[in-house]
Amino acid sequence: MTSKRAAPPEAKKDEAVELPTPVNPQTRMVTVYIMGKRAVVPEHATIMRAIEYTGVQIIRGAGCREGFCGACGTLYRLPGDYRIHTGLACTTLVKDGMSLTQIPAVPMEKAIYDLEQIEATVDTIKKYYPAIFRCVSCNTCTKTCPQGLQVMDYVNAAMRGDIAEVMDLSFDCVSCGLCALRCPAEIVQHKVGILCRRLYGRYLRKESRELDVRIDEIRNGVYDAEYAEMMAMAKEALSEQYYARDIEA
Ligand code: SF4
Ligand code: SF4
Ligand code: FES
């Protein structure tokens, strides 16, 4: 996941990683243990920032840095607490005494299928992910999920062949793989979620006139000028516009 930085990075701007920055002397520092090594880092740092603060460059296990891509799954324990906690390194703040390991990738097998050649039925789920029927309903996956998803419920829905329910319950999954990592039945829940969302999108979704209209507009170049304008914008201005956008509730 990580490698000690030997020299200042000469990465492209978008790939640049912040070097350990001098902190304000007033900043409270906390002690954490990063993969067994003690480090003193600023309070209020995310786990990802804390790792980088120590001079380690994350070359696997970081992507969006905003809680969307699921690349930075992390396990940690806190002092006096017997439980293993999970979180995304880019959005979870350090705590004093935290002992953590960031997981760069959770190894797992991904089923290969041609969406045009399969049916939206429980038999399809069973064929590609038969392990789901080994679920012992322990609910560990739900307790593990940093997105707060009802993971066990969507696994149960998959067993019933309720693809729409799986789509709905797994929609905000970021594929961090932490649920699969902790599942005693060795199920790859998020891959089942992806299969069902694809099946739903291809075979079960209701026709949307609004979507058809929008696709026609895109094909007819209605937004070409707007795209060109955005592509020419500076990163800061683009970022400002992104965060100021209207978000449908
Ligand atoms: S962790 Fe695995 S066995 Fe337990 S409820 Fe979730 S899917 Fe089922
Ligand atoms: S369902 Fe699993 S893979 Fe998806 S966000 Fe939750 S823990 Fe991560
Ligand atoms: S880096 Fe993308 S979710 Fe953390």
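Residues numbered from 1 in each chain as written. Chains lettered and ligands numbered in written order. Predicted model: local features only at pLDDT ≥ 70, side-chain atom pairs only at ≥ 80, totals over all residues.

(A) Up close: the site of ligand 1. By nearness alone, 15 residues border ligand 1, and Cys-135, Cys-138, Thr-140, Cys-141 and Cys-183 come closest of all. Sorting the residues of the shell around ligand 1 by element identifies helix H3 (140–144) and helix H4 (151–160) as the ones contributing at least two each. Looking at the shell around ligand 1, the element that brings in the most residues is H4, giving three residues. Here the shell around ligand 1 is built from residues that sort into 11 nonpolar, four polar and no charged. (Near = placed C-beta within 6 Å. Helix = DSSP H or I, 4+ residues; strand = E, 2+ residues; numbered from the N terminus. Nonpolar A, V, L, I, M, F, W, Y, C, P; charged D, E, K, R; others polar.)

(B) Fine view of the domain arrangement of the chain. The domain architecture assigned to the chain consists of domain 1 (22–102) and domain 2 (115–204). Computed from C-alpha coordinates alone, the two centres of domain 1 and domain 2 are separated by 29 Å. The interface of domain 1 with domain 2 comprises seven residues on the first partner and seven residues on the second. At three residues, strand E6 (residues 85–88) tops the list of elements feeding residues into the side of domain 1 that touches domain 2. Across the side of domain 1 that touches domain 2, the residue classes break down as three nonpolar, four polar and no charged. (Domains from an automatic or database assignment. Contact = placed C-beta atoms within 7 Å.)

(C) Expanded view of the sheet that holds strand E7 (residues 99–102). Strand order in the open sheet formed by five strands is E3-E2-E7-E5-E6, and the pairing between neighbours is mixed. If you trace the sheet from one side to the other, it starts and ends with strand E3 (37–42) and E6, each paired once. On average, each strand axis in the sheet is tilted by 35° relative to the strand beside it, whichever way the strands run. Pairing of strand E2 (residues 29–34) with E7 involves two bridges; the strand directions are parallel. Its bridge partner lying in E7, Ile-34 is registered against Leu-100. (Pairing = 2+ DSSP bridges. Axes fitted to C-alpha atoms, helices over the stretch in contact; angles between N-to-C directions.)

(D) Highlighting the nonpolar core. The biggest cluster of nonpolar side chains holds 50 residues, and the ones touching the most others in it are Met-48, Val-151, Val-155, Ala-158, Val-166, Val-192 and Cys-196. Those elements giving two or more residues to this core turn out to be E2, helix H1 (47–53), strand E4 (56–58), H4, helix H5 (163–169), helix H6 (178–182) and helix H7 (189–204). A domain-level breakdown of this core finds at least three residues from each of domain 1 (22–102) and domain 2 (115–204). Aside from chain neighbours lying at most four places away, what touches Val-192 is Ile-125, Tyr-129, Ile-132, Val-155, Ala-158 and Val-166. (Core = buried A, V, L, I, M, F, W, Y, C linked by C-beta atoms within 7 Å. Buried ≥ 20, exposed ≤ 12 C-beta atoms within 10 Å, placed from the backbone.)

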